[in-house]
Amino acid sequence: MSDSRTRLQQVLQDLGLDLGAFEGQDWSIRAPRDGVVLAGVKSHSAEQAQAALAQAHQAWLGWRGVPAPVRGELVRRFGELLRRHKAALGELVSLEAGKIAAEGQGEVQEMIDICDFALGLSRQLHGLTIASERPGHRMMETWHPMGVVGIISAFNFPVAVWSWNAALALVCGNAIVWKPSEKTPLTAIACQQLLRQAMEAFNADQPGTVPEGLSQLLIGGRELGEALAASPLVPVLSATGSTRMGRQVAVKVAERFGRAILELGGNNAMIVTPTADLELAARAITFAAVGTAGQRCTTLRRLIVHASVADALLARLAQIYQSIAIGDPLQQGTLVGPLIDRAAFDAMQRALEQARAEGGQVLGGERVRADLGQDAWYVRPALVQMPGQSAVVQRETFAPILYVLRYGGDTGAAIALQNAVPQGLSSAIFTQSLADAERFMSAAGSDCGIANVNIGTSGAEIGGAFGGEKETGGGRESGSDAWKGYMRRATNTINYSGALPLAQGVRFDV
Ligand code: NAD
């Protein structure tokens, strides 16, 4: 296996990226695949953060006046650069976040997809025209940019989630300030640099179109995220991460009546009914539960399987789990890469201990491939049969642990079990029964933001709105009409009648 540092040099060269200005001693960035230190970076200070916010605000004052389709052209150019550098950027994601090659590439593809989506959207930022009750009047709504959109992102989708926010925020006429995870600043530096290139090329063709400072990057710890949450210069803050983080950010933003788009933890479940195609279900379960080493917000964490098919399904899953290829994420054929760091491994072990104490039967979960690096944390995904939905099952442990619960009776019992956790991100049902599928998607069905039929819980497309309910935070990003979260709506009433009739028939003669 080639050393991560050597690979990093190659990737940086392919990207035409110089880390120079960011290098320092504040944070050591480790490659999860071998535990090797990739680079040291320096933190932005509180003063630098305030200066970046002020500059972004200033840039917004100009950008809001640029026609939306022209703003779309910037995002199109950025998407083109991403296409050109997909292989290198995808490998950087694998090096820094530990994703297998296909998922690293997939993450960059997701960025390209959202750029395409945002480009089309830049010609579709439309409001309604509404019938007025007054003669000679017209009523309509218009959508306007908000200002600076702050983006706080998590380590596990180091670039895609930023791009969902950035592409929409930019076509909607906003400036952006990004605080990436302290565990994955290198991919953020790379994206910022590519966006900068797109801006410079655009300005070379159409001088002065993109104001200086439109996109800012803040490298550092949570204190920089806290600064974004507190700043009145940030009317919209999109924060992705743990529910613990969201709880703090939400209060800070609400205190100043800002708008928060929260994308927080999940505790996603799949129901398998007696009519399910079990082979299809087993494959979907495996991708959703062990893919990205269980480190997706949409990772499948609870399997709620009907007692009549549980033994057959579990036997098949146990077989797959034993044979799954765990190892270097950059090696072809690997399906499960490493956990992000030792803290993630320790948290997984603690959860498994608690599961045992709560009556769970644990298969797997142990450390494997220690040969790949002293500080590289690979695990065999764990399958844990639980007697009930006890405390450990109700919280998100960010690791490949799949809790298996059996249900008897009808699908209503399974849906009730699924909904009886604090989180509400993603959910799925495997069934051949139309009635069960419809019930699952009905008002009395899954209470999650994502409810799938015969598909796993993870791997959403960018065309749909993404996000979840309850402790997942209620935010929506990416497709559908999620763009409305990045704009403000004005209702306009225009009087061309020459008289002044009042609404509701009120008379006020002067
Ligand atoms: P984390 O909460 O530790 O950190 C996320 C980001 O928040 C980091 O940039 C961090 O510096 C910042 N942060 C932490 N505390 C903060 C505070 N008090 N104020 C402001 N910023 C703060 O999360 P993580 O370990 O990087 O990521 C894993 C978590 O993210 C999981 O819970 C996962 O489910 C969640 N996640 C959710 C989604 C989603 O779309 N719902 C997507 C990806 C990850």
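A quick note: this is a predicted structure, and the numbers were derived from the prediction, not measured.

Participant: Help me understand the overall build of the protein chain, please; the structure alone is not making it clear to me.
Facilitator: Within the protein chain one finds 14 helices and 23 strands. Overall, the C-alpha framework of the protein chain stretches about 80 × 60 × 35 Å when taken along its three principal axes. Taking the contacts inside the protein chain whose residues are at least 6 apart along the sequence as the reference set, 72% of them involve residues at least 24 apart.

Participant: It is not clear to me how the sheet that holds strand β3 (residues 129–130) should be interpreted in this structure. Could you clarify?
Facilitator: Two pairing modes exist for strands in a sheet, parallel and antiparallel, and in both the strands are linked by backbone hydrogen bonds. Spatial ordering of the open sheet is given by β3-β4-β23, a layout of three strands whose pairing is antiparallel. Edge strands, defined here as strands with exactly one partner in the open sheet, are β3 and β23 (487–495).

Participant: Whenever I open this one, the packing of helix α4 (residues 86–97) against helix α5 (residues 101–121) confuses me. Can you help?
Facilitator: Packed helices, taken two at a time, are described by their axes: the angle between them and the distance between them. α5 packs onto α4 with a crossing angle of 120 degrees between their chain directions and a minimal axis gap of 8 Å. Here α4 is positioned oblique relative to α5, judged by the angle of their axes. In this structure, α4 meets α5 at a crossing whose hand is right-handed. Contacts between α4 and α5 involve Lys86, Leu89, Gly90, Glu91, Val93 and Ser94 from the former and Ala101, Gly104, Gln105, Glu107, Val108 and Gln109 from the latter. For the contact of α4 with α5, the per-class residue count stands at four nonpolar, five polar and three charged.

Participant: Any chance you could explain the site of the ligand here in plain terms?
Facilitator: Around the ligand lies a shell of 30 residues, among which Ala154, Gly225, Gly241, Glu263 and Cys297 are the nearest. Of all the elements in the fold, those that place two or more residues in the shell around the ligand are α8 (222–230) and α9 (243–255). The biggest single contributor to the shell around the ligand is α8, with four residues. Here the residues of the shell around the ligand are counted per class, giving twelve nonpolar, twelve polar and six charged.

Participant: When you look at the sheet that holds strand β12 (residues 361–363) in this model, what are you seeing that I'm missing?
Facilitator: Strand order in this open sheet of seven strands is β12-β15-β16-β11-β10-β18-β19, and the pairing throughout is mixed. Every other strand in the sheet has two partners, leaving β12 and β19 (450–453) as the edge strands with one partner each. Each adjacent strand pair in this sheet contributes to an overall mean axis angle of 20 degrees, direction not counted. Where strand β10 (residues 268–272) lies against strand β18 (residues 426–430), four bridges are found, and the strand directions are parallel. Paired with Ala269 across the strands is Ser427, a residue of β18. Across the face of the sheet, helix α14 (residues 434–441) comes into contact with β10, β18 and β19 while running at roughly 175 degrees to β19.

Participant: Looking at this structure, I do not really get the packing of helix α3 (residues 68–84) against helix α6 (residues 160–171). What am I missing?
Facilitator: The interhelical angle for the contact between α3 and α6, taken along N-to-C directions, is 150 degrees, at an axis separation of 8 Å. The pairing of α3 with α6 is recorded here as roughly antiparallel in orientation. On α6, the residues that touch Ala68, Arg71, Gly72, Leu74 and Val75 of α3 are Ala167, Leu170 and Val171. The class makeup of the residues in the contact of α3 with α6 is six nonpolar, one polar and one charged.

Participant: I'm lost on unusual backbone geometry in this one. Help?
Facilitator: As a rule of thumb, non-glycine residues mostly have phi less than zero, and peptide bonds are mostly trans rather than cis. The phi torsion at Asn454 lies on the positive side, around 55 degrees, for a residue other than glycine. Within the secondary structure, Asn454 is located in the loop between β19 and β20 (465–466). Given 15 C-beta atoms within 10 Å, Asn454 falls into the partly exposed group. Even without being a glycine, Gln504 presents a positive backbone phi close to 60 degrees. The class of Gln504 is exposed, set by 5 C-beta atoms lying within 10 Å.

Participant: What should I look at first to understand helix α13 (residues 411–419) in this one?
Facilitator: At 3.6 residues per turn, the α-helix brings residues three or four places apart onto the same side. Every buried residue of α13 is listed here: Thr411, Ala414, Ile415 and Gln418. Down the axis of α13, the smallest arc covering the buried residues is 100 degrees, so these residues share one side. Structurally, α13 contributes buried residues whose contacts are with β10, β11 (300–306), β16 (401–407), β18 and α14.

Participant: I would appreciate a short explanation of the pairing of strand β2 (residues 37–41) in the present structure.
Facilitator: Each regular strand carries side chains that alternate between the two faces of the sheet. Summarising the sheet, strand β1 (residues 23–30) and β2 pair through five bridges and their orientation is antiparallel. Directly across from Ile29, in β2, lies its bridge partner Ala39. Hairpin connection from β1 to β2: six residues lie between these consecutive antiparallel strands, with Gly35 at a positive phi of about 75 degrees.

Participant: Is there a simple way to explain the nonpolar core in this structure?
Facilitator: Grouped burial of nonpolar side chains is what soluble globular proteins tend to show. Ala118, Ala167, Leu168, Met270, Ile285 and Leu402 are the most contacted members of the largest nonpolar core, which has 151 residues in total. With residues up to four places along the chain from it excluded, the contact list for Met270 reads Ile285, Leu300, Leu303, Ile304, Ala428, Phe430, Gly456 and Thr457.

Participant: What am I meant to see in helix α10 (residues 278–290) here?
Facilitator: Its 13 residues give α10 an end-to-end C-alpha distance of 18 Å, which sits within 8% of 18 Å, the value for a rise of 1.5 Å per residue. The complete set of buried residues in α10 reads Ala281, Ala282, Ala284, Ile285, Thr286, Ala288, Ala289 and Val290. Looking at the buried residues of α10, the elements they touch are β10, β11, α11 (307–323), β16 and β18.

Procedures and definitions
Residues numbered from 1 in each chain as written. Predicted model: local features only at pLDDT ≥ 70, side-chain atom pairs only at ≥ 80, totals over all residues. Helix = DSSP H or I, 4+ residues; strand = E, 2+ residues; numbered from the N terminus. Contact = placed C-beta atoms within 7 Å. Pairing = 2+ DSSP bridges. Axes fitted to C-alpha atoms, helices over the stretch in contact; angles between N-to-C directions. Parallel < 35°, antiparallel > 145°, perpendicular 65-115°, else oblique. Left-handed = near helix turned anticlockwise from the far one by under 90°. Nonpolar A, V, L, I, M, F, W, Y, C, P; charged D, E, K, R; others polar. Near = placed C-beta within 6 Å. Buried ≥ 20, exposed ≤ 12 C-beta atoms within 10 Å, placed from the backbone. Arc of directions from axis to C-beta. Core = buried A, V, L, I, M, F, W, Y, C linked by C-beta atoms within 7 Å. Expected span 1.5 Å × (residues − 1).

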